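This is what each chain is made of:
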Amino acid sequence: MKGILITVEGIDGSGKSSLVKKLGKRINQETSRQIVLTKEPTESWLGDAVREGLNREVDPLSEAFLFTADHIHHIRETIQPALNEGKIIISDRYSDSFYAYQGTTLQNEIEKPVEYLKNLRKNFTIIPDATILLDIDPETSVKRLKHEQIKFENEEFLNKVTEKYNQIAEKEKNRFIRVNSDQEIDQITEQTYNKIKNKLDL
Ligand code: TMP
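Here goes a summary of the coordinates provided. These numbers come from a predicted model, not from an experiment.

Examining the overall build of the chain
Logical step 1: Within the chain one finds eight helices and five strands.
Logical step 2: Listing each helix as α and each strand as β along the chain from the N terminus yields β-α-β-α-α-β-α-α-β-α-α-β-α.
Logical step 3: Taken over C-alpha atoms, the radius of gyration comes to 16 Å for the chain, in line with the 17 Å a tight globule of 202 residues would show.
Logical step 4: The dimensions of the chain, computed from C-alpha atoms along their principal axes, are 45 × 35 × 30 Å.
Logical step 5: Taking all 202 residues of the chain together, 51% fall into the buried category.
Logical step 6: Look at the contacts in the chain between residues 6 or more apart in sequence, and 77% of them connect residues 24 or more apart.
Logical step 7: Accessible area for the chain stands at about 10500 Å²; split by element, carbon and sulfur atoms hold 47% of it.

Regarding helix 8 (residues 185-200)
Logical step 1: Counted at 1.5 Å a residue, the expected span for helix 8 with its 16 residues is 22 Å, and the 22 Å between its end C-alpha atoms agrees.
Logical step 2: Burial in helix 8 covers these residues: Ile-188, Thr-189, Thr-192, Tyr-193, Ile-196 and Leu-200. Buried residues of helix 8, seen end-on, are gathered within an arc of 125° and therefore sit on one face of the element. Along helix 8, the residues that are exposed and aim more than 90 degrees away from the buried face are Asp-186 and Asn-198.
Logical step 3: For helix 8, the elements touching its buried residues are strand 1 (4-9), helix 1 (16-30), strand 4 (130-135) and strand 5 (176-180).
Logical step 4: Downstream of helix 8 by one or two residues, Asp-201 has phi in the positive range, about 55°.

A word on the pairing of strand 4
Logical step 1: Within strand 4, five of the six residues are buried, which leaves the element mostly enclosed by the surrounding structure.
Logical step 2: Two strands pair when backbone bridges link them, and strand 4 and strand 5 are joined in this way by five bridges, in the parallel orientation. For Asp-135, the partnering residue across the bridge sits in strand 5 and is Asn-180.

Some words on the layout of surface pockets
Logical step 1: Roughly 740 Å³ of internal volume is contained in the largest pocket.
Logical step 2: In terms of residue class, the lining of the largest pocket is made up of nine nonpolar, eight polar and 11 charged.
Logical step 3: Estimated volume of the second largest pocket: approximately 240 Å³.
Logical step 4: Taken together, the residues of the lining of the second largest pocket sort by class into three nonpolar, two polar and five charged.

Comments concerning the packing of aromatic side chains
Logical step 1: For the structure on display, the rule yields five aromatic pairs.
Logical step 2: Between Phe-152 and Phe-157, the aromatic rings sit 4.9 Å apart at their centres with planes inclined by 15°, giving stacked as the arrangement. Exposure class is identical for Phe-152 and Phe-157. Each is buried.
Logical step 3: One cation-aromatic arrangement involves Arg-26 over Tyr-193; the distance from NZ or CZ to the ring centre is 4.2 Å.
Logical step 4: Against the face of Phe-98 rests Arg-121, its NZ or CZ located 3.5 Å from the ring centre.

So, the site of the ligand
Logical step 1: Every one of the 14 residues lining the ligand counts as a neighbour, but Asp-12, Phe-67, Arg-93, Tyr-101 and Gln-102 are closest to it.
Logical step 2: A distance of 2.8 Å separates an oxygen atom of the ligand from a polar atom in the side chain of Arg-93.
Logical step 3: Protein coverage of the free-state accessible area of the ligand, which is 480 Å², stands at 89%.
Logical step 4: Given that more than half its atoms are within 2 Å of the pocket grid, the ligand belongs to the largest pocket.
Logical step 5: Among the residues forming the shell around the ligand, the class breakdown is seven nonpolar, two polar and five charged.

Observations regarding the pattern of salt bridges
Logical step 1: Considering all chains together, one arrives at 17 salt bridges under this definition.
Logical step 2: Put simply, Lys-160 and Glu-156 hold a salt bridge, and the shortest N to O gap is 4.0 Å. Here Lys-160 pairs with Glu-156, and both are found in helix 7 (residues 155-171), just four residues apart, close to one helical turn.
Logical step 3: What makes Lys-160 partly exposed here is its relative accessible area of 41%.
Logical step 4: Look at the salt bridges and you will find they share partners, linking Asp-96, Lys-118, Glu-172 and Arg-175 into a network.

Reading the values: rules and limits
Residues numbered from 1 in each chain as written. Predicted model: local features only at pLDDT ≥ 70, side-chain atom pairs only at ≥ 80, totals over all residues. Heavy atoms only, no water. Helix = DSSP H or I, 4+ residues; strand = E, 2+ residues; numbered from the N terminus. Rg over C-alpha atoms; globule rule 2.2 N^0.38 Å. Buried < 20%, exposed > 50% of the residue type's maximum accessible area, 1.4 Å probe, protein only. Contact = heavy atoms within 4.5 Å. Areas by Shrake-Rupley, 256 points an atom, 1.4 Å probe, with all protein chains shown as cover. Expected span 1.5 Å × (residues − 1). Arc of directions from axis to C-beta. Pairing = 2+ DSSP bridges. 1 Å grid on protein atoms, 1.4 Å probe; cavity = no way out; pocket = protein on both sides within 12 Å on 5 of 7 lines; lining within 4 Å. Points joined across faces, edges and corners; volume = space filled by probe spheres on them. Nonpolar A, V, L, I, M, F, W, Y, C, P; charged D, E, K, R; others polar. Phe/Tyr/Trp six-rings, centres within 6.5 Å; stacked < 30°, edge-to-face > 60°. Lys NZ or Arg CZ within 6 Å of the ring centre and 35° of its normal. Near = heavy atom within 4 Å. Polar contact = N/O pair within 3.5 Å; in protein donor to acceptor, adjacent residues only side chain to side chain. Sits in = over half its atoms within 2 Å of the grid points. Salt bridge = Lys/Arg side-chain N within 4 Å of Asp/Glu carboxyl O.

Put into C-alpha cells, the structure is as follows:
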C-alpha cells in the first residue's frame, strides 16, 4: 500500500502542534494503518542546530541552508522509510514553512525568493499528498504564544509570512486544504479530518 504524507502549516501560534496530535488520533480511530507523527525542525542534532539559530542573529542565507540540511535528514531518516512501509505521516511543518519563512527573510537579498527556494529543494524533496494550512490573524496568533519569544514571533514578520503562505497556497490549490484556526481545537480537528478524508480517500 502506498504511504501518505500530510503536512500541517501555519504561522507561529496557529495551533499546528495540537492539531497534529488530535488529527493523528482521529485518523487512528478510522483506519488500521500505522500513523507517524513528525516535525521540522527535527528532533536531531541538525534540528538542534536550527533551533540554536532561532535564538541568534544569523545571516539568512546560511540559515536557509541549515533548514535545508535538516529537511534532507528528515526525508532520508523518517519520511522516505515511512512512505516505503505504507504508513500515514503527519508532519508539523515541512517545506512550505521554508518557502514562507525563508521567502520572507531573504526578501531583500534574493530576487523572487520563493522560486529560488523551491528550485533549491526540487531534486530531493518529496511533495506532500495534502497540506493543511491553518488560517489565523497574526495579531491573534502572537497573543496565543506563551513561551519565550524567538526572533520570528512578532506580528510584523508574521504578517509577511502570512502573505507568502497565501501566495504559495493560491498556486497549488489542489494540494492545500485551508482551515480557520480561530475556533475550538475539536472543531478544527473535525473539519480538517473531514476535508482530508474526502481528499485522500482514507
Ligand atoms: P516550531 O515553533 O514549529 O518548532 O518552528 C520553529 C520556527 O522555525 C518557527 O518560527 C518557524 C521556523 N521555520 C522556518 O523558518 N523554516 C522552516 O523551514 C521551518 C521548518 C521552520
